[in-house]
Amino acid sequence: ALFAEAFGYPRGELLEAIRTGELARRLQEWIEKLTPPLRGSINWQALADAGGTEEALPAEYTRLFDPGVSAPPCPLYGGMHIEPQMATMEEVLRFYHHFGLTPTGRNRDTPDHLTAELEFLHVLAYGEADLTARDEDPSSYRLGRRDFIARHPGRWVPLLRAKLERQQPMAFYSELAQLLERCLNADLAELEARCGSAAREPRRSIPS
């Protein structure tokens, strides 16, 4: 959920949280709790660097990610990295529907947008934790999280990060993408250690 927030358009409260170091502090707090082996390799100063002016980071976001009237160099849509996009969106929607979720249509983003996929992983993690706390079987949420990472953000975020580096981005987005990729890899490795390996290629049926 925090990564989903960080990849939003940097204005208002988000821009202020980046500029003051609050976002970096919150990320560091969760890394310490969930994936402590990563903490020594992270440039926390870069994650608090919003540029020299108020417009610097929003302009960089637009340059890198905003589709505008043509394809951006670093699209935040999974289907633009693991084509065909329609098939990717269809499978993402099947995951959402399987867990009782339906996109609200409140914005113009498609279901394969990075923030939507990360928010979905947050919902799965919350559901898993809730069932565990109630001493009920959380395996459906755990397997869903494993398979979704393996077939969607775990597949295309590395491609996004590679494209991003070729654009020589501001340090904030370079470090944020690298950190997200490492966290997804660590999460997937932990899930596969507990549940077995996941299929990396999208498929039509979703395991229950």
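Please read these numbers as outputs of a predicted model, since none were measured by experiment.

K.L.:
What am I meant to see in the overall build of the protein chain here?
P.N.:
Across its full length, the protein chain carries 9 helices and 0 strands. Relative to the globule expectation of 17 Å for 208 residues, the C-alpha radius of gyration of the protein chain, 17 Å, shows essentially globular dimensions. Dimensions of the protein chain, computed from C-alpha atoms along their principal axes, come out at roughly 50 × 40 × 30 Å. Of all 208 residues assigned to the protein chain, the portion counted as buried reaches 44%. By element, 50% of the accessible surface of the protein chain is carried by carbon and sulfur atoms, the whole surface being about 10600 Å².

K.L.:
Just to check I follow, could you spell out the packing of helix H7 (residues 139–151) against helix H8 (residues 153–166) for this structure?
P.N.:
If you want to describe how two helices pack, look at the angle between their axes and the distance between the axes. In contact at an axis separation of 3 Å, H7 and H8 are set at 35 degrees when each is read in the N-to-C sense. On the side of H7, the interface is formed by Phe148, Ile149, Ala150 and Arg151, while H8 contributes Pro153, Gly154 and Arg155.

K.L.:
Can you walk me through the layout of surface pockets in this structure?
P.N.:
Empty space among the atoms becomes visible once a probe the size of a water molecule is rolled across them. The calculated volume of the largest pocket comes to roughly 930 Å³. What lines the largest pocket is a set of 24 residues, among which Ala1, Leu34, Ala125, Arg145 and Asp187 lie closest to the centre. Going through the elements one at a time, helix H1 (2–6), helix H3 (22–34), helix H6 (114–133), H7 and helix H9 (171–195) are the ones with two or more residues in the lining of the largest pocket. Split by residue class, the lining of the largest pocket holds 17 nonpolar, 2 polar and 5 charged.

Parameters at a glance
Residue positions are given per chain, counted from 1 along the sequence in the order it is written. Residue-level local features of this predicted model are given only where pLDDT is at least 70; pairs of side-chain atoms are given and counted only at 80 or more, and the full residue set underlies all totals for whole chains, interfaces and linings. Note that water and hydrogens are dropped before the side-chain values are worked out from all heavy atoms of the structure. Strands are runs of DSSP state E lasting at least two residues, helices are runs of H or I lasting at least four, and both sets are numbered from the N terminus onward. Our radius of gyration looks at C-alpha atoms and nothing else; its globule reference is 2.2 Å times the residue count to the power 0.38. Here's how the labels work: a residue is buried when its accessible area is under 20% of the maximum for its type, exposed when over 50%, partly exposed in between, all with a 1.4 Å probe on protein chains only. What sets the accessible areas is the Shrake-Rupley method with a 1.4 Å probe; for residues, cover comes only from the shown protein chains. Lines are fitted to the C-alpha atoms to define the axes, a helix being fitted only along its stretch in contact, and any angle between axes, read from their N-to-C directions, falls within 0 to 180 degrees. We call two residues contacting when some pair of their heavy atoms lies within 4.5 Å. Method remark: on a 1 Å grid restricted to protein atoms, a set of points is classed as a cavity if a 1.4 Å probe fits but cannot get out and as a pocket if it is open with protein on both sides within 12 Å along at least five of seven lines; lining residues have an atom within 4 Å of a point. Grid points are joined across faces, edges and corners, and a volume is the space filled by probe spheres set on the points. Classification used: nonpolar for Ala, Val, Leu, Ile, Met, Phe, Trp, Tyr, Cys and Pro, charged for Asp, Glu, Lys and Arg, polar for all others including Gly.

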